[in-house]
Amino acid sequence: MYLNNNKNFKLLIIGLFDSVFLNDYISQLSKENIQIDLLTTFVPKKVNYNVRKIYSFQTPMGLKYLLFPIKFIKIVTTIIKIKKQYNIIHIHFFWYGLIMYLVFLNNSKSKILVSCFGSDVYQEPKNRYKKLLMKKSLNFIDFVSVIHNDLKNKFVKEFGNLKPIRFARFGLPIDFSVIDNINNIDVINFKKKNTISRGKIVIVCGFSANPLREHIYILNEIKKLPNRILSNIVILIPMTYGNKKYIKKVQNHANALFYNSVEFHILSKYMDENEVACLRKSTDIIINIPKTDSFSAAMQESIYCKAIVINGAWLPYSLLDEKKIFYLKLDNTLMGSLSKLLIYIEKNYIELKKKNDTKYLRIKEFKSYIPAEKSVQSFPDFKISILFMLKFEKST
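Because the structure is a prediction, the values reported are computed rather than measured.

Asks: Any chance you could explain the side chain of T78 here in plain terms?
Replies: You can see T78 is positioned in helix α2 (residues 68-82). Of the polar contacts made by the side chain of T78, one reaches the backbone oxygen of K74; its length is 2.8 Å.

Asks: Honestly, the packing of aromatic side chains in this entry has me stumped. Any pointers?
Replies: Aromatic ring pairs are described here by two measures, namely the spacing of the ring centres and the angle between the planes. Within this structure, the stated rule accounts for 7 aromatic pairs. For the ring pair F94 and F155, a centre distance of 5.7 Å and an interplane angle of 40° mean the geometry is tilted. With F94 in the loop between β4 (88-92) and α3 (99-105) and F155 in helix α6 (residues 149-159), this residue pair connects regions lying 61 residues apart in the sequence. Centroid distance F176 to Y304: 4.2 Å. Interplanar angle 40°. Geometry classified as tilted. Pair noted here: F176 is in helix α7 (residues 176-180) and Y304 is in helix α13 (residues 297-304), with a separation of 128 residues, a long-range link. For the pair F176 and Y304, one class covers both residues: buried. Positioned above the aromatic ring of F326, the side-chain terminus of K355 is 5.6 Å from the ring centre.

Asks: Honestly, unusual backbone geometry in this entry has me stumped. Any pointers?
Replies: It is generally the case that most residues other than glycine have a negative phi and that most peptide bonds are trans. Residue F93 is not a glycine yet carries a positive backbone phi of 90°. Relative to the helices and strands, F93 resides in the loop between β4 and α3.

Asks: So what exactly am I meant to see when it comes to the pattern of salt bridges here?
Replies: Under the counting rule described, the total for this entry stands at 11 salt bridges. Note that K200 and E263 form a salt bridge whose closest N and O atoms lie 4.0 Å from each other. One end of the pair, K200, is in the loop between α8 (184-193) and β8 (201-205); the other, E263, is in strand β10 (residues 263-267), and 63 residues separate them in sequence. Overall, K200 belongs to the partly exposed group, its relative accessible area being 27%. Linking E214 and K291 is a salt bridge whose minimum nitrogen-to-oxygen distance equals 3.0 Å. You can see E214 sitting in the loop between β8 and α9 (215-223) and its partner K291 sitting in the loop between β11 (285-288) and α13, a full 77 residues away along the chain. Overall, the relative accessible area of 14% leaves E214 in the buried class. Judged by relative accessible area, which is 46%, K291 ranks as partly exposed.

Parameters and conventions
Within any chain, residue numbers begin from 1 and follow the written order of that chain's sequence. In keeping with the predicted nature of the model, local features appear solely for residues at pLDDT of at least 70, side-chain atom pairs appear and are counted solely at 80 or more, and the whole-chain, interface and lining totals rest on all residues. Water and hydrogen atoms were dropped before computing side-chain values, which therefore reflect all heavy atoms in the structure. Comment: elements are numbered from the N terminus, with helices defined as DSSP H or I runs of at least four residues and strands as E runs of at least two. In protein, a polar contact means a hydrogen-donor-capable atom and an acceptor-capable atom, both N or O and within 3.5 Å, with residues adjacent in sequence counting only if both atoms are side-chain atoms; elsewhere, any N or O pair within 3.5 Å suffices. When two rings of Phe, Tyr or Trp (its six-membered ring) have centres within 6.5 Å they constitute a pair, described as stacked for plane angles under 30 degrees, edge-to-face for angles over 60, and tilted for the intermediate range. Exposure categories follow from relative accessible area, calculated using a 1.4 Å probe and restricted to protein chains: below 20% of the type maximum is buried, above 50% is exposed, and the middle band is partly exposed. Lysine NZ or arginine CZ positioned within 6 Å of the ring centre and within 35 degrees of the ring normal marks a charge as sitting over the ring. Between Lys or Arg on one side and Asp or Glu on the other, a salt bridge is scored when a side-chain nitrogen of the former is within 4 Å of a carboxyl oxygen of the latter.

In structure tokens:
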């Protein structure tokens, strides 16, 4: 443990808990004997979080807008009732609606940390009214955490340097030992369970049911590939979390393009960490070209499993370049750009697969938990930011 006598410290986490990073984060913090509560409008049914209490305000699908006033009143009433219990309140995702809750957290005597996920900073400020509300939110916040320098610079550009900004990596939701323990039999069984053909090149498209992942563009580009490639690939589209209507849209589009001609599978059911590890070990090529992203866990884990990775050149992945980790960059999402790159991969497949044979282990450096005493400026994870704040709390 990094700190002793934490049992009297209480942490409230506020956010949408379909985040793949949250379970590992809570698991690590639990080792410090910190009392953790969650406040959320969504908790996945099959995930058991190691927490003391969950305040859940989920509404039925289709009624969320109708019932919003009632839900908002319930959330605010709960916040007012419980806010003075906590040493730290950690809010996941920085968005314009946050100010509605922060005003009621005011005078709570808790230290408030807001962690930026990437798209919240890259996308939201395009609307000046949302940007104004986000800027006003900073009046109620003690610390902001970002995962890398690019995101910090963007944050400062959009909102100014009004609050202390700490570096805090997400870490990865899967421990690398889980991936290391997956053998060929596990991968074969995973493919059998999901009716995925063996002996074909597995191309994974994105990692969630979100239009920002560019699934439609990716599928359209794959359709342009020569028959010699199409007959030898399997397309996997992981959508274990995200928008259900969008899943149906992608399903219909894939059916229209590939029905009875190209094998594809949409993976929408919840997967535990062993199943996710099997998916990563099954991946030969992953296409990761969202409009915005902070530092995709799926992408990092795929590199660790020696897959060929295609990232959007516009994504803030300078850390990969600094570590000299190999990946391919897609310069744009113009018609023909991705299909051209996939043809290049097919022609140079064996050579490209070897590019990270020795460098893949460098990904582990992004997962490691750095002791707090080594300073939060050395890119620690969320846990270290919390521990840093615990030290700050003890000294004030």
